[in-house]
Amino acid sequence: ARDLRRSRRRLLSGVSFDLDQAEDAGPRERCEHQEAVRSIDSGLAEMPSRCSCVVQLHYWSGWTAQQIAASERLPLGTVKSRIRRGLELLRARLRA
């Protein structure tokens, strides 16, 4: 669980999906949070489904690359490449 939080932190550069934190924030922070979530959702929708699927399974569902590879019947290296490519696409989207 701790590694999952760390990897999300690196991916999102400070964007939190913690709903409790968003509810405790002021109107400006909530608006920024909602905008970041929309950007990530949009980025996931725009990327190839083969990348968005593994990124969502890995970061939001907490699956390991090995679990994804077994479930999708893909080589482990392919899953890792798709995760990395998906993160690159999301980072580019968030910086734009």
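Our subject is the structure that appears above.
Below is a short write-up of the structure. In this text, all values refer to a predicted model and were calculated from it rather than measured experimentally. (Residues numbered from 1 in each chain as written. Predicted model: local features only at pLDDT ≥ 70, side-chain atom pairs only at ≥ 80, totals over all residues. Heavy atoms only, no water.)

**Re the nonpolar core**
Then comes step 1: Of all hydrophobic cores here, the largest spans 15 residues; its most connected members are Leu44, Ile68, Val79, Ile83 and Leu90.
Then comes step 2: Elements supplying a minimum of two residues to this core: helix H3 (27–46), helix H4 (49–60), helix H5 (65–72) and helix H6 (76–95).
Then comes step 3: Take this core: its biggest share by element is five residues, from H4.
Then comes step 4: Here Leu44 is in contact with Ser52, Val55, Gln56 and Leu90, once residues within four sequence places are set aside. (Core = buried A, V, L, I, M, F, W, Y, C linked by side-chain atoms within 4.5 Å. Buried < 20%, exposed > 50% of the residue type's maximum accessible area, 1.4 Å probe, protein only. Helix = DSSP H or I, 4+ residues; strand = E, 2+ residues; numbered from the N terminus. Contact = heavy atoms within 4.5 Å.)

**Side note on the pattern of salt bridges**
Opposite charge on two side chains allows them to pair when their charged atoms are near.
Then comes step 1: The full count for this structure, using the stated rule, is four salt bridges.
Then comes step 2: Close ionic contact of Arg84 with Glu88 constitutes a salt bridge, the shortest N to O distance being 3.9 Å. One end of the pair is Arg84 and the other is Glu88, both in helix H6 and four residues apart, which spans about a single turn.
Then comes step 3: The closest approach of N and O atoms between Glu88 and Arg85, which form a salt bridge, is 3.5 Å. (Salt bridge = Lys/Arg side-chain N within 4 Å of Asp/Glu carboxyl O.)

**Side note on the packing of H5 against H6**
Then comes step 1: Where H5 contacts H6, the axes come no closer than 9 Å and their chain directions differ by 115 degrees. Handedness of the H5/H6 crossing: right-handed. Residues Ala65, Gln66, Ile68 and Ala69 of H5 form the contact with H6, whose own contacting residues are Leu76, Val79, Lys80 and Ile83.
Then comes step 2: Counted by class, the contact of H5 with H6 contains six nonpolar, one polar and one charged residues. (Axes fitted to C-alpha atoms, helices over the stretch in contact; angles between N-to-C directions. Left-handed = near helix turned anticlockwise from the far one by under 90°. Nonpolar A, V, L, I, M, F, W, Y, C, P; charged D, E, K, R; others polar.)

**Remarks on the packing of aromatic side chains**
Then comes step 1: One pass over the structure, following the stated rule, counts one aromatic pair.
Then comes step 2: When the centroid spacing of 6.4 Å and the interplanar angle of 70 degrees are considered together, the rings of Tyr59 and Trp60 count as edge-to-face.
Then comes step 3: Accessibility expressed as a relative area gives 28% for Trp60, which makes it partly exposed. (Phe/Tyr/Trp six-rings, centres within 6.5 Å; stacked < 30°, edge-to-face > 60°.)

**Topic: unusual backbone geometry**
Then comes step 1: For Arg73, which is not glycine, the phi dihedral falls at a positive 55 degrees.
Then comes step 2: Topologically, Arg73 is positioned in the loop between H5 and H6.

**A few points about H6**
Then comes step 1: The terminal C-alpha atoms of H6 lie 29 Å apart, and with 20 residues this matches the ideal 28 Å at 1.5 Å per residue to within 8%.
Then comes step 2: Residues of H6 that are buried include every one of Val79, Ile83, Gly86, Leu87 and Leu90, and no others. Looking down the long axis of H6, one finds its buried residues gathered within 100 degrees of arc, a one-sided arrangement. Summarising the geometry of H6, the exposed residues directed more than 90 degrees from the buried face are Arg84 and Arg95. (Expected span 1.5 Å × (residues − 1). Arc of directions from axis to C-beta.)

**So, the environment of Val54**
Then comes step 1: Along the chain, Val54 falls in helix H4.
Then comes step 2: A relative accessible area of 2% places Val54 in the buried class.
Then comes step 3: Separated by 10 residues in the primary sequence, Val54 and Thr64 place their C-alpha atoms 9.7 Å from one another.
Then comes step 4: For Val54, the contacting residues outside a window of four places in its chain are Ile68, Val79, Arg82 and Ile83.

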